[in-house]
Amino acid sequence: MNGILEKLKARQSCCWKNPDYGKNTDKLCYSLKDIYDAEARLCRFAPLLAELFEEAAVQYGIIESGLLEIPALKEKLLPGADMLLKADHDLPVAGSIKARGGIYNVLCFAEQICFERNLLTPAENYRKLALPEIKKIFGSYTVSVGSTGNLGLSIGTISAALGFKARVHMSSDAKEWKKVLLRSRGVEVIEYDGDYSSAVAEGRAEAESDPYSFFVDDENSHELFLGYSVAALRLKEQLKLRKIFPDREHPLFIYLPCGVGGAPGGVCFGLKMLFGDAVHCFFAEPVNAPCMTLGLLTGKHDGISVYDIGLDNRTLADGLAVGRPSAFVGKLMMPLLAGAYTVEDSALTELQNLARELEGLKIEPSAAAGFTGPRMVLDSGFCQDNGIRPENICHILWTTGGRYLPE
Ligand SMILES: *Cc1c(COP(=O)(O)O)cnc(C)c1O
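Residues numbered from 1 in each chain as written. Predicted model: local features only at pLDDT ≥ 70, side-chain atom pairs only at ≥ 80, totals over all residues. Heavy atoms only, no water.

Caption draft 1: View of the sheet that holds strand β9 (residues 279-286). A sheet is described by the order of its strands in space; here seven strands give the open sequence β1-β10-β9-β8-β11-β3-β2, paired in mixed fashion. The strands lining the two open edges of the sheet, one partner per strand, are β1 (15-17) and β2 (67-69). Sheet twist, expressed as the mean angle between neighbouring strand axes with direction ignored, is 25°. Where β2 lies against strand β3 (residues 82-87), three bridges are found, and the strand directions are antiparallel. (Pairing = 2+ DSSP bridges. Helix = DSSP H or I, 4+ residues; strand = E, 2+ residues; numbered from the N terminus. Axes fitted to C-alpha atoms, helices over the stretch in contact; angles between N-to-C directions.)

Shown next as structure tokens:
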């Protein structure tokens, strides 16, 4: 274990196998029922989303990505392997995996306001929320968030579309084009010199003083987490269409880029609830921002930051530039996460280009972090430890952002 800590400090790409994997799985604070609740809520909102966003209308208001074959890329990464790509980089409306949790979180808030004011019942058509009189009510509330970019894009876009005032506190990592896009969608963008955690802290403090303000707290939000988890239900259907039925001997290995932990954590949680021992999830982090790996391996979670071990949290992977993990996701992941690994920035750029050249995929650097996983995990001895035959694995690379990346 100390060997891994030394490698993290040295910014050396490495793979951590979770010693607590599979232990105490009976103590989880959520269950499959919570995931189905979230899915039901998204279905109730689908007619409204279809009305608000042309991009969502073509999928009847269900914001979902494809499960793609990547024949050429796969031969580069792990020749002969079974490998698919879950294309969240191309999710409509928000252009990243944040479309899942972020939009869901704001929909929860909108629904809560409507229920409290007796404006809506779950049985009604939610298209009603686009009526001017309801938009006007939403207009008295502000929704805000702190973000490295993509969460802001997701929360800002859905909030403004519903009629809320939307404020996004952006960290210094946030790319200029994301700010421009947000402003064009009617969102107020506030820029900070500090990192992600300070942008979140600023937003949180500002919102606290205003009763008509709702702050989406990326470090603490359980709604975000459950919104992300719905991906598991959708993936199961997509696998079924491909006649892939994973079991313990023929498992899925899933590679998820990780920042604060909410998105990959929610997906991992959903998949473990649905597939159990037939799925193994691995998180990918930049060598300069391995906050989740650090929190898990030290057991300190949000009590330790990458700055504490001499790292600077500077990375090309802006979506993963997080120094301190979520306050609750790491703890929840202890029995559910198989392992985690780190990736150098130089590899991210190379893999980003490879995805474009070989498969025509437009992904941002963060989204390529999953790609080194299959090789890293196979080399780690994880299969031997768990009696898994490598040729039986179906690897799934989860690409997490890029749809609106400018040329
Ligand atoms: C936010 C983000 C992630 C990771 O999500 P977290 O909830 O921060 O762990 C991964 N990839 C991209 C492109 C992101 O924007």
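Caption draft 2: Up close: the packing of helix α7 (residues 150-162) against helix α8 (residues 176-184). At their nearest, the axes of α7 and α8 sit 10 Å apart, and the two run at 5° to each other. Between α7 and α8, the angle falls in the class roughly parallel. Across from Asn150, Gly152, Leu153, Gly156 and Thr157 in α7, the residues of α8 making contact are Lys178, Leu181 and Leu182. For the contact of α7 with α8, a count of residues per class yields three nonpolar, four polar and one charged. (Parallel < 35°, antiparallel > 145°, perpendicular 65-115°, else oblique. Contact = heavy atoms within 4.5 Å. Nonpolar A, V, L, I, M, F, W, Y, C, P; charged D, E, K, R; others polar.)

Caption draft 3: Fine view of the environment of valine 230. With respect to the helices and strands, the residue valine 230 is situated in the loop between α10 (222-229) and α11 (231-241). The class of valine 230 is buried, set by a relative accessible area of 1%. Along the chain, valine 230 and leucine 42 lie 188 residues apart, while their C-alpha atoms are 9.2 Å from each other. Beyond its immediate stretch of four places on either side in the chain, valine 230 contacts Ile35, Ala38, Glu39 and Leu42. (Buried < 20%, exposed > 50% of the residue type's maximum accessible area, 1.4 Å probe, protein only.)

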